[in-house]
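# Summary of structural features
Here is how the chains run, residue by residue.
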Amino acid sequence: MRSMQVVRIIPLGAHPRDVSFQSLIMGLEQVLPLQCRVEAIPMDIDAALDSSRKQYHSTELLANLVSLPERGEQRVLGITPYDLFIPVLTFVFGQAQLNNRAALFSTFRLHNEFYGMPHAAETLQSRCLKEALHELGHTFGLRHCLELPCVMNSSTYVEDIDLKPADFCLPCREHLQDVC
Ligand SMILES: [Zn+2]
Ligand SMILES: [Zn+2]
């Protein structure tokens, strides 16, 4: 039997507003055979800020995570309250290394308030879980999935996130069982 995969969850910048890490961890551990723990490591992410776009360069933040010394964990998952971009896109919800160690996502566009709607704690929490599962799925080698009930569907808009479940379809699940 393989040893339990450990995921270190690392806040990048400030702790995301109104997000419960405890509930996120419970959600992740329910779906994946993973053990998650939060580590508040001070990280200097200023260099990743594009001051004209007022967004952080996602790939650079990912590089910050990759540069962390390994401490027995299999994955690092960064969470940031700041808006993320890659140069070819106006924004990204998150980014991950395919079949590798690091992933991250932003809560910036997961808040209802961003879309001019009233705060909804459960919606926010559910979107966070789906983004975390999706990006971690990439680190375990999963690509975007076309099966409709699957968290590995790609999401362009927040509505896409709301439409997919916080779970993997059967083929994606079988892949995870082989690698997790
Ligand atoms: Zn993706
Ligand atoms: Zn799938």
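Before reading further, recall that the structure is shown in the block above.
Throughout what follows, the structure given in this document is the object of discussion. If you're wondering where the values come from, they're calculated on a predicted model, not measured in any experiment. (Residues numbered from 1 in each chain as written. Chains lettered and ligands numbered in written order. Predicted model: local features only at pLDDT ≥ 70, side-chain atom pairs only at ≥ 80, totals over all residues. Heavy atoms only, no water.)

## Topic: the pattern of salt bridges
Taken as a whole, this structure holds eight salt bridges when the rule is applied. Across the salt bridge formed by Arg109 and Asp83, the nearest N and O atoms sit 2.7 Å from each other. Taken together, the residues Arg109 in the loop between strand 8 (102-106) and helix 3 (121-139) and Asp83 in the loop between strand 5 (75-80) and strand 6 (84-85) connect sequence positions 26 residues apart. Looking at Arg109, the relative accessible area reads 15%, which means it is buried. Among the charged side chains, a salt-bridge network with shared partners connects Arg8, Arg37, Glu39 and Arg71. (Salt bridge = Lys/Arg side-chain N within 4 Å of Asp/Glu carboxyl O. Helix = DSSP H or I, 4+ residues; strand = E, 2+ residues; numbered from the N terminus. Buried < 20%, exposed > 50% of the residue type's maximum accessible area, 1.4 Å probe, protein only.)

## Observations regarding the nonpolar core
Among the nonpolar cores identified, the biggest contains 37 residues, and Leu28, Leu77 and Phe168 are the most heavily contacted of them. Those elements that place two or more of their residues in this core are strand 1 (5-11), helix 1 (21-31), strand 2 (34-38), strand 5, strand 8, helix 3, helix 4 (158-163) and helix 5 (170-179). Take this core: its biggest share by element is six residues, from helix 3. By size, the runner-up hydrophobic cluster in this structure holds 15 residues, among which are Met43, Leu68, Val76 and Leu104. (Core = buried A, V, L, I, M, F, W, Y, C linked by side-chain atoms within 4.5 Å.)

## Examining the pairing of strand 8
Along strand 8, five of the five residues are buried, which leaves the element largely enclosed by surrounding structure. Along strand 8, one buried face is formed by Ala102, Leu104 and Ser106 and the opposite face, lined by Ala103 and Phe105, is buried too. Both strand 5 and strand 8 contribute to a ladder of five bridges, which runs parallel. Bridge pairing in strand 8 links Thr80 to Ser106. In sequence, strand 7 (residues 94-96) turns back onto strand 8 through a hairpin of five residues, with Asn99 there showing a positive phi of about 60°. (Pairing = 2+ DSSP bridges.)

## Some words on the coordination of the zinc ion (ligand 2)
Binding of the zinc ion (ligand 2) to the protein goes through Cys145 (SG), Cys150 (SG), Cys169 (SG) and Cys172 (SG), at separations of 2.2 to 2.3 Å. Here the zinc ion (ligand 2) binds four donor atoms, and the angle range of 105 to 112° at the metal identifies the geometry as tetrahedral. Between consecutive donor residues of the zinc ion (ligand 2), the sequence gaps follow C-x4-C-x18-C-x2-C. (Donors = N, O, S within 2.8 Å, 3.2 Å for Na, K, Ca; no water. Tetrahedral: all angles 85-135°; square planar, octahedral: opposite > 155°, others 65-115°.)

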